[in-house]
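Descriptive structure summary
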Amino acid sequence: MDKAVMDRRGFLGRGLSVGCSLAASPLMTPVSFAATGGENRLVVIILRGGLDGLDLVQPDDAALRQLRPTLLAGPRSGLELTEGMMLHAAAKPLWPLWQAGELAFVQGVSTPYRNKRSHFDGQDLLEAGTIEVPSGTGRDGWLNRMLQTMPNSTMTTAYAVGADPMLLSQGAAEVETWSPDVGFVLSSQGARLLELTMERDPEMALAMQKAILLAGEDGGGVFEASDGGMMADELDTMMDAQMNPKGRGRANAHLRVASFAAQQLRDAARVACFSIGGWDTHAAQARTLKTPLKHLSDSLRALKNGMGPDVWARTTVLAMTEFGRTVAENGTKGTDHGTGGLMVMAGGAIRGQKVHGQLAGFEEADLFQRRDLMPTDDVRRYAAWAIRESFGLDRSALEGVVFPGMQLGNAPGLLA
Amino acid sequence: MGFDPDIAQTRFGYGLSPKVTGPADITDMVALLRAKEPEMPWFPLPSDAEMREKMLALLDARRKISKAEKGSDAHQALQEAFKTARRAAKQEGAKWIGATLARRVWSRDGLRERLVAFWNDHFSAPGKNVIYRYTEAAYVANAIRPHVNGRFEDMLIAAVLHPQMLHFLDQNTSVGPNSTIAKKRSEKNLGLNENLAREILELHTLGVGGGYTQKDVRQLAELLTGVTTIQKKGTAFLAKRAEPGAETVLGKEYGKRRARMADVHAVLRDLARHPDTARHITRKLAVHFVSETPDEDLLVSMGARYLETDGDLAEVMEAMLRHPAAWAAVGPGVGNFKQPELFVSSSLRALAVPKERFRDVKSQELERLLGTPLRMMGQPWRRPFGPDGFEEADSYWLTPQGMAARLQWALGVPAEVLEDLPDPRQFAETTLGPQMPGAVKFAAEAAESRREGIALVLMSPAFQRV
């Protein structure tokens, strides 16, 4: 091996430097870019832990006030959505989206999951989109099955963003997964040598090449040390810090995820999904719900800002949770796992300023098993209509493949 | 093609170590596997009873808190005590993971450790709550590990009837619809849960293509009623929960007389010896260890040995090792791509990370150096999506994110777990052996820093494909 090998133009190119302005690189442009099936975008956010829909969108109801003495005790937020429906005060950052007609809710919905109230099974069912908790081999997610049935599925780029693998996007259709929190610091010399060792293994080389480009888009990647601007010891310090999550600002991990998704959706991607956790508010809900609500608000705004007005105008965001929570407060000023819940919708493509769905009553006899909000509709039906209106999937595909056992029913008029 | 001392360790173990010598030949490999497990006094394995006691203590501490008066000093003291106990339990969880890694890094019998991981995945039962997340270590130590060189039927019985699996697959909620207890408490609507029965047939024994019907699932589920967990004792058979009458599974009748555990054992033994199970198990082993498209003759030979020996797993492994196809050379772009756990474990072995480093690891550090990176690579520690375990296909793992996370780990972690990084040139030689490709040798020499040199070796196809 001699110097000639090192000097030939490799896939990493010469002189990649901080930040890597690689958007224009022909290597990075996915094949789908030229011929995607339409311009509409769909984002699915899984809210893990069980969002208390009755607290995010608060009905004005005497029976409910009795059941929730501390949660509904304070002054109301003044953010009136529709008559009698008030937005939680901590969701105030979402108010401009509501006013712009880019926010809506669906009340009283649930997956077909009943009785057991386990996060584990509830999330599996939500992501599988089935009637029964999925088991055994060949499990896949409804978002993946949606991609498989889309008219231009092979041309559609989809991203699952974040650290944890999601059942939602698993399956036969190809979905790119990326977590902006994966980031390495490598010298350009190291990158060239890496390429050299993978030269005869095309599969590994291709995956590595994409990884380097993606890492460059979110601040990590390949850095010029010896012959560029950066000092070698500066690079060394960065390398030391790469296993330290604090160095990357753990508190803002959710923003990095949403921003990365927005960036991909602004380019070639048409579908993206990620999760936001922290909704399992068993105690002191008035306080503990604030953080996940902030994360949700931040994420929706980061999507909007990151996509820019034209793309946002074609975007539908669905935020779904595995179940709602008990109607009554528990002994620790929180709520326990329930059944009927709430879906949040956002995006420039939706018909905003709407609270869809039917809310059952709060008297004991109205509740599901005398404790939970009685579900009045299948949440999958609303997701299915959003998909139908965004991508034109037909009824049989939605009822038979994407959400088996679901009845599509009448159009709720979700999109503008 | 036959025995190769390097492949013996890379394909059938956790890779080459600069400190531990590998097996000399196939006879040596088989002898190591058949031998009694060597003691590792610095890392004893947890017993089920010991683990159960600890967890009960934890539950008890939590119960006491709810009984104490809120706001009182006693309440606060109990809460503090519970927090301390929970921290200790978490640290204990880290200790078991450290112990598992230490065995992979320092054992001469790498094949045994690989088999423990393989069978743990085959009988995946990740805890669904805090308690069961901690007890999984005892499940692996007692239901899986002792049987990797024994009969498949013994492992099957130990694993599917272990409290870990009974909880994971909802057996504890399954009650015969006509049982004494269901009739007595008719207001509770107690009934059958088929989950465990279905997965036994579909995943653990016959395989999804096996010759069984929904009726067999139902009948097996009825036969399993009565099997449940008693918190203080572990697995138990309670006749009052059992469905009365005989059940027929794959055409054979069980449980003609009163309901008892012996019938459950009998059906599991019959399922274990079934030809469909032999086919399913041997194929899965061959795909996992040798190739995504295993040699037909290798499968025939392993399957025959399985049936001849009523599923003696040491015999089946010997049949694999004695077959020339098991030793096919790895080339550029050819060979199984390591799953993340294997990648990380074999890297630690190549670096000969000292035992003390594993023994003394704190749970937070373990999360940072192992837990989070494995999640990023797509394989959170022992947390597959479901009872079918982790994906086997190479294409699932060979992704941009997976490669990025491996590179991040390879650049960051070795420097944190070792006082001094080895010289990359020497490291390349001890890790890849005489088959080291020229490009890797060149890269190890040309790297600007030791850190990058080590990472380049660990990232090379020669290390990642086995």
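This one's a predicted model, so the numbers in the text were calculated from it and none came from an experiment. (Residues numbered from 1 in each chain as written. Chains lettered and ligands numbered in written order. Predicted model: local features only at pLDDT ≥ 70, side-chain atom pairs only at ≥ 80, totals over all residues. Heavy atoms only, no water.)

As a further point, take the pairing of strand β12 (residues 341-346) of chain A. All names here are of chain A. Across the six residues that make up β12, a large majority, six, are buried. Where strand β5 (residues 103-110) lies against β12, six bridges are found, and the strand directions are antiparallel. Paired with V106 across the two strands is M343, which belongs to β12. Looking at chain direction, strand β11 (residues 315-321) and β12 are connected through three bridges and run antiparallel. Across the sheet, the residue bridging to L318 is M345, located in β12. (Buried < 20%, exposed > 50% of the residue type's maximum accessible area, 1.4 Å probe, protein only. Helix = DSSP H or I, 4+ residues; strand = E, 2+ residues; numbered from the N terminus. Pairing = 2+ DSSP bridges.)

This part is about the domain arrangement of chain B. All names here are of chain B. Taken domain by domain, chain B consists of domain 1 (5-148), domain 2 (169-272) and domain 3 (340-464). Using C-alpha coordinates to define each centre, domain 1 is positioned 29 Å away from domain 2. Of the residues lining the interface, eight residues belong to domain 1; the matching set on domain 2 comes to eight residues. Summing both sides of the interface, domain 1 and domain 2 together bury roughly 620 Å²; the carbon and sulfur share of this comes to 45%. Among the residues of domain 1 in contact with domain 2, R52, L56 and H122 are the three that bury the most area, contributing 57% of the side total. Our count for the contact surface shared by domain 1 and domain 2 stands at one salt bridge. Between D170 and K128 there is a salt bridge; the shortest N-O distance is 3.1 Å. Run the count over domain 1 and domain 2 and you get three residue pairs in polar contact (both at pLDDT 80 or more). In terms of residue count, helix α3 (residues 48-67) provides more of the side of domain 1 that touches domain 2 than any other element does, four residues in total. Along the lines of polarity and charge, the residues of the side of domain 1 that touches domain 2 split into four nonpolar, one polar and three charged. (Domains from an automatic or database assignment. Contact = heavy atoms within 4.5 Å. Buried area = accessible area lost by both parts, 1.4 Å probe. Salt bridge = Lys/Arg side-chain N within 4 Å of Asp/Glu carboxyl O. Polar contact = N/O pair within 3.5 Å; in protein donor to acceptor, adjacent residues only side chain to side chain. Nonpolar A, V, L, I, M, F, W, Y, C, P; charged D, E, K, R; others polar.)

This part covers the environment of G357 of chain A. Residue and element names in this part refer to chain A. By secondary structure assignment, the location of G357 is in the loop between β13 (354-356) and β14 (377-378). The spatial distance from the C-alpha of G357 to the C-alpha of L342 is 9.2 Å, given a sequence separation of 15 residues. Excluding residues that lie within four positions of it along the chain, G357 makes contacts with V106, Q107 and Y382.

Let's shift gears to the nonpolar core. Formed by 121 residues in total, the largest nonpolar core has its most connected members in L56, F105, M208, F274 and L303 of chain A. With nine residues, the top contributor of residues to this core is helix α20 (residues 400-417) of chain B. Composition of this core by domain shows at least three residues from each of domain 1 (5-148) and domain 3 (340-464) of chain B. Not counting residues up to four positions away in its chain, the partners in contact with L303 of chain A are V43, A258, A261, A262, F274, W312 and V317 of chain A. Counting 68 residues, the second-largest nonpolar core is a separate cluster that includes F123, I144, A272 and M320 of chain B. (Core = buried A, V, L, I, M, F, W, Y, C linked by side-chain atoms within 4.5 Å.)

On to the packing of helix α4 (residues 73-106) of chain B against helix α16 (residues 340-350) of chain B, then. Residue and element names in this part refer to chain B. Running from amino to carboxyl end, α4 crosses α16 at an angle of 60°, the nearest separation of the two axes being 8 Å. Here α16 runs oblique to α4, going by the angle between their axes. Where α4 crosses over α16, the handedness of that crossing is right-handed. Contacts between α4 and α16 involve L101, R104, V105 and W106 on the former and, on the latter, E341, S345, L348 and R349. Taken together, the residues that form the contact of α4 with α16 break down as four nonpolar, one polar and three charged. (Axes fitted to C-alpha atoms, helices over the stretch in contact; angles between N-to-C directions. Parallel < 35°, antiparallel > 145°, perpendicular 65-115°, else oblique. Left-handed = near helix turned anticlockwise from the far one by under 90°.)

All names here are of chain A. What the three strands build is an open sheet, ordered β2-β4-β3; its pairing is antiparallel. The open sheet has two edge strands, β2 (57-59) and β3 (80-82), and neither has a second partner. Averaged over all pairs of adjacent strands, the angle between their axes in this sheet comes to 40°, without regard to strand direction. Relative to strand β4 (residues 85-87), β2 runs antiparallel, the two sharing three bridges. Paired with V57 across the strands is L87, a residue of β4.

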